[in-house]
Amino acid sequence: MPAAWLTLCVVWSSTWLAIKIGLRDLPPISYAGIRFLLAIIVLVGVSVGRVRLLPQRGSDYAVLAFTGVLMFAVNYGLLFWGELHVSSGLAAVLQATIPIFGMLSAHLLLPDEPLRLQKLVGALLALAGVAMICERLLGFNGWMAFWGGLGIVFGAASAAFSNVLLKARAMQLAPAMIAGWQMIFGAVPLLVTGSIVEGNPLRFHWSGLAIFCLLYLAVIGSALTFLLLYWLLPRMTVANLQAIALVTPPGAVALGWALGGEKFSLWSLAGACFVLAGVWMIFRRTEMPEPVIQEG
């Protein structure tokens, strides 16, 4: 399990910059949709003859459709669009809010993962950091940067809720096909919307670098990582699994600075520190039992 968890951290630290570079040539919605279309082909290819391809229950399709739209259409659609206006490092930091929304959703849907006082304080601290970053984006980068950052946060909430719904469902399906079916349901609205808004993909500027970024995101950043993610999902609590969000932002910021030429203001970095400190509080274990936050 540690090797799989570490691989997710390393790969997802690099995908933010790959998205940013690809957006120089490709429009965001179609870029995201084609990424997952290619990932679906890979996942189905490695699954044929090895695992069950279809869910056992008809109701599973509804869960896969709903979570797939949340995870891939909403989350990644907003993320790719948001990175048009926000640096890759700050996008990673804003998506680090996933554990906050995951914690709240798990409290409602998973009885064995109650909301505790320390986690609530951490969530408030992280949200303060998000507010600092968005205020900086609005004041110095304009409304589009502000809405881009806010969209990324909304996508993070969608992804977190999707993860918790899958955890609660305990679906009897191989991880590759859970990811594959979710991508199918999520990629369709992305591709349809992209074709309407952004035009024919054959007319895009398919530079060598854009193709490399697309293949990297599809094969390594999607097929491989979601195989690992859903393999780990039944073996870890939602909170521990989503601790990945604490590790990847510093890596994404470092790569954006070193390879992408991105610059970050002290105010934005301070906000990022608040976010990561809050997420750390959510995951930190304490020796003394904490009071559980009960619903009214």
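Residues numbered from 1 in each chain as written. Predicted model: local features only at pLDDT ≥ 70, side-chain atom pairs only at ≥ 80, totals over all residues. Heavy atoms only, no water.

(A) How the structure looks around the overall build of the protein. For the protein, the count of helices and strands is 12 helices and 0 strands. Reading the helices (α) and strands (β) of the protein from amino to carboxyl end gives α-α-α-α-α-α-α-α-α-α-α-α. The C-alpha radius of gyration of the protein comes to 19 Å, within 12% of the 19 Å expected for a compact globule of 296 residues. Dimensions of the protein, computed from the C-alpha atoms along their principal axes, are close to 60 × 50 × 35 Å. (Helix = DSSP H or I, 4+ residues; strand = E, 2+ residues; numbered from the N terminus. Rg over C-alpha atoms; globule rule 2.2 N^0.38 Å.)

(B) Up close: the nonpolar core. By size, the foremost hydrophobic cluster in this structure holds 78 residues, and its most contacted members are Y31, Y76, M183, F226 and Y230. When residues of this core are assigned to their parent elements, the largest contribution, 10 residues, is made by helix α9 (residues 208-232). One finds M103, A123, A126 and I282 within the second-largest nonpolar core, a separate group that totals 5 residues. (Core = buried A, V, L, I, M, F, W, Y, C linked by side-chain atoms within 4.5 Å. Buried < 20%, exposed > 50% of the residue type's maximum accessible area, 1.4 Å probe, protein only.)

(C) Summary view of the environment of L232. Structurally, L232 is set in helix α9. Taking the C-alpha atoms as reference points, L232 and L173, 59 residues apart in sequence, are found 13 Å from one another.

(D) Geometry of the pattern of salt bridges. Taken as a whole and assessed by the stated rule, the structure comprises 1 salt bridge. Of the charged contacts in the structure, one is a salt bridge between D60 and R57, with a shortest N-O distance of 3.3 Å. (Salt bridge = Lys/Arg side-chain N within 4 Å of Asp/Glu carboxyl O.)

(E) Summary view of the environment of L78. Positionally, L78 belongs in helix α3 (residues 58-82). Residue classification places L78 among the partly exposed residues on the basis of a relative accessible area of 23%. Placed 186 residues apart in sequence, L78 and F264 show a C-alpha to C-alpha distance of 22 Å.

(F) Focus on the packing of aromatic side chains. Scanning the model with the defined rule gives 12 aromatic pairs in all. Taking 6.2 Å as the distance between ring centres and 25° as the angle between the ring planes, the aromatic pair formed by W143 and W147 counts as stacked. Of this pair, W143 and W147 both sit in helix α7 (residues 143-169), 4 residues apart, roughly one helical turn. Assessed through its relative accessible area of 53%, W143 is described here as exposed. A connected cluster of aromatic rings, assembled from ring pairs, spans F36, F72 and Y76. (Phe/Tyr/Trp six-rings, centres within 6.5 Å; stacked < 30°, edge-to-face > 60°.)

(G) Fine view of a nonpolar patch on the surface. Together, V48, V51, L53 and L54 make up an exposed nonpolar region whose accessible area comes to about 300 Å². Examined against the element boundaries, V51 turns out to sit in the loop between α2 (28-47) and α3. Given the relative accessible area of 34%, V51 is considered partly exposed. (Patch = residues over 30% accessible without salt bridge, like charges linked within 9 Å, V, L, I, M, F, W, Y side chains within 5 Å. Areas by Shrake-Rupley, 256 points an atom, 1.4 Å probe, with all protein chains shown as cover.)

(H) Structural detail: the packing of helix α8 (residues 175-197) against α9. Contact pair α8 / α9: the axes reach a minimum separation of 8 Å and the direction vectors enclose 120°. It follows that α8 is oblique to α9 by the angle criterion. By crossing handedness, the relation of α8 to α9 is classed as right-handed. Residues P175, A176, I178, A179, Q182 and M183 of α8 form the contact with α9, whose participating residues are S222, F226, L227, Y230 and W231. Partitioning the contact of α8 with α9 into residue classes produces 9 nonpolar, 2 polar and no charged. (Axes fitted to C-alpha atoms, helices over the stretch in contact; angles between N-to-C directions. Parallel < 35°, antiparallel > 145°, perpendicular 65-115°, else oblique. Left-handed = near helix turned anticlockwise from the far one by under 90°. Contact = heavy atoms within 4.5 Å. Nonpolar A, V, L, I, M, F, W, Y, C, P; charged D, E, K, R; others polar.)

(I) Inspection of the environment of R235 at higher detail. Relative to the helices and strands, R235 is located in the loop between α9 and α10 (238-241). The exposure class of R235 is partly exposed, given its relative accessible area of 43%. For R235 and M1, which are 234 residues apart along the polypeptide, the C-alpha to C-alpha distance reads 8.4 Å. Within the local environment of R235, its side chain forms a polar contact with the backbone oxygen of W231, the two atoms lying 2.5 Å apart. (Polar contact = N/O pair within 3.5 Å; in protein donor to acceptor, adjacent residues only side chain to side chain.)

(J) Focus on the packing of α2 against α9. The contact between α2 and α9 brings their axes to 8 Å, and the two run at 55°. The angle between α2 and α9 places the two elements in the oblique class. Between α2 and α9 the crossing geometry is right-handed. For the pair α2 and α9, contact is made by Y31, I34, R35, F36, L38, A39, V42 and L43 and by C213, L214, L215, L217, A218, V219, G221, S222, A223 and L227, respectively. For the contact of α2 with α9, a count of residues per class yields 15 nonpolar, 2 polar and 1 charged.

By themselves, these observations are geometric and do not establish any function.
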